[in-house]
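Structural description and commentary
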Amino acid sequence: MIVLVFVALVLAAHLYLWHRTVRSTTRPGRARKALTWGLVGLVLLVVATFVGTRLELGRWLAWPGYLWVALMFYLVVFLIVLEVPRAVASVLIRRSERRSAAAKEPVPVMAGASAPPTAEPAAAPPMSRRLFLGRTTAAVAGVSALGTVGYGMTSALGDPVLTPVRVRLPKLDPRLNGLRFAVVSDIHLGPLTGIGHTERIVRMINGLRADVVAIVGDLVDGAVAELGALAKPLKSLESRYGAYFVTGNHEYYTANGPQEWIEELDQLGVRSLRNERVEITHQGAVLDLAGVNDLNGEATGDGPDFGKALGGRTPGRSTVLLAHQPLQVEQAAGYGVDLQLSGHTHGGQIAPFNLVVGLQQPVVSGLATVDGVQVYVTRGAGFWGPPVRVGAPPEITMLELRS
């Protein structure tokens, strides 16, 4: 069902683009046919890219395919924005054409009078006003889309933003004041990232000198055999009390599932919290750090188990939960969790898609309170699909707990 909806949206977007960038900008002929077939080819490229990357085939399609997805998206956005001024201009053109037609009506000739000499037919204008309007609209949308995607690529492929966040937990033992978490999610090691992507993230996290490193899901977009080398720098992560990981939805999309990555991360010194918790002892006080699997694991019997991760805790002890999707707070709230750390949303990644994400997740980015639980959602340090981030730069968070 999801695949059919996706294909329908792709077809609808390209049909709209054909109407506005081909039909409205060309006269019938070879140019229109060539551009039409070009759009058909781009439709097939999009479908092949998504299918190929999901099946870990045809990875070479990723760069052209995903870049066209970003351009397609912003072309549609800008063309829709331009629909109103375009409609106004069309009305003005029609009025002008009616006035011109009325002014050129033939003058009746009286009987017996000689007809005025017939004027030579005027040469056809090189471009009609409507064709000019169509081309101008398409050009404005094209330049805007290219500029936006170019900016978005610079953001996505550049250094993540370091975001300091201070969270007050009323029940926190005062001795835990100042405990610091380096929070990162959605690194998305995959066909468009190199080892430099991982090395940069590790270097920036180590520079924070955190007490705990929390990797909140969606680390990879492929199998260990393909991407294992890109994950090797994680072995160099530095923190006082260790680095911890919980699965995201994309770990369940890989060909061999998440277990091989759990084992790989264990070899790299990153502990996976699989519906379990550990005690973080700091200055004589203890914090419960728990982690649950992602919701997508339910299809294979590997979903979140909040009872197992959070049940039987010492009364009065503060608990921080790692859960990939902010939506999981709805279940966590019943277990007295003080703070949930999540990712998944990418902050929307490409505006205005953040408005759509907000319909499915209770928090898109930043700190909020949901069902009495504080939830911090990081925008993630990588990207999925197009190597583009607009309005949601990549992020690594230094989160400090205060009582």
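Residues numbered from 1 in each chain as written. Predicted model: local features only at pLDDT ≥ 70, side-chain atom pairs only at ≥ 80, totals over all residues. Heavy atoms only, no water.

So, the overall build of the protein
A tally of regular secondary structure across the protein gives 11 helices and 12 strands. Look at the contacts in the protein between residues 6 or more apart in sequence, and 75% of them connect residues 24 or more apart. Between the centroid of the 37 positive side chains of the protein and the centroid of its 31 negative side chains there is a distance of 13 Å. (Helix = DSSP H or I, 4+ residues; strand = E, 2+ residues; numbered from the N terminus. Contact = heavy atoms within 4.5 Å. Lys, Arg positive; Asp, Glu negative; His and termini not counted. Charge placed at Lys NZ, Arg CZ, Asp CG, Glu CD.)

Looking at the pattern of salt bridges
Under the defined criterion, the tally for this structure stands at 13 salt bridges. One salt bridge in this structure joins Arg240 and Asp211, with 3.4 Å as the shortest N-O distance. Here Asp211 lies in the loop between helix H6 (195-208) and strand S3 (212-216) and Arg240 lies in the loop between helix H7 (224-231) and strand S4 (243-246), a separation of 29 residues in the sequence. Judged by relative accessible area, Asp211 falls into the buried class, the value being 4%. Linking Asp288 and Arg317 is a salt bridge whose minimum nitrogen-to-oxygen distance equals 3.2 Å. Remark: Arg317 occurs in the loop between helix H9 (306-310) and strand S8 (319-322) and Asp288 occurs in strand S7 (residues 285-291); sequence separation between them is 29 residues. Of the two residues examined, Asp288 and Arg317, each falls in the buried class. (Salt bridge = Lys/Arg side-chain N within 4 Å of Asp/Glu carboxyl O. Buried < 20%, exposed > 50% of the residue type's maximum accessible area, 1.4 Å probe, protein only.)

Observations concerning the nonpolar core
Counting 30 residues, the largest nonpolar core has Leu234 and Leu237 as its most contacted members. Only strand S2 (180-184), H6, S3, H7, S4, helix H8 (259-267) and strand S12 (395-402) provide two or more residues apiece to this core. Ranked by the residues each element gives to this core, the list is headed by H6, at five residues. Leu237 has contacts with Val202, Ile205, Asn206, Val213, Ile215, Ala243 and Val270, leaving out every residue within four places of it along the chain. Counting 27 residues, the second largest nonpolar core, distinct from the first, contains Ala13, Val22, Leu39 and Ile350. (Core = buried A, V, L, I, M, F, W, Y, C linked by side-chain atoms within 4.5 Å.)

With respect to the packing of helix H2 (residues 30-54) against helix H3 (residues 62-81)
In contact at an axis separation of 9 Å, H2 and H3 are set at 115 degrees when each is read in the N-to-C sense. Handedness of the crossing formed by H2 with H3: left-handed. Packed against H2, whose contacting residues are Leu39, Leu42, Leu45, Val46, Thr49, Phe50 and Thr53, the element H3 presents Ala62, Pro64, Gly65, Tyr66, Trp68 and Val69 at the interface. Partitioning the contact of H2 with H3 into residue classes produces 10 nonpolar, three polar and no charged. (Axes fitted to C-alpha atoms, helices over the stretch in contact; angles between N-to-C directions. Left-handed = near helix turned anticlockwise from the far one by under 90°. Nonpolar A, V, L, I, M, F, W, Y, C, P; charged D, E, K, R; others polar.)

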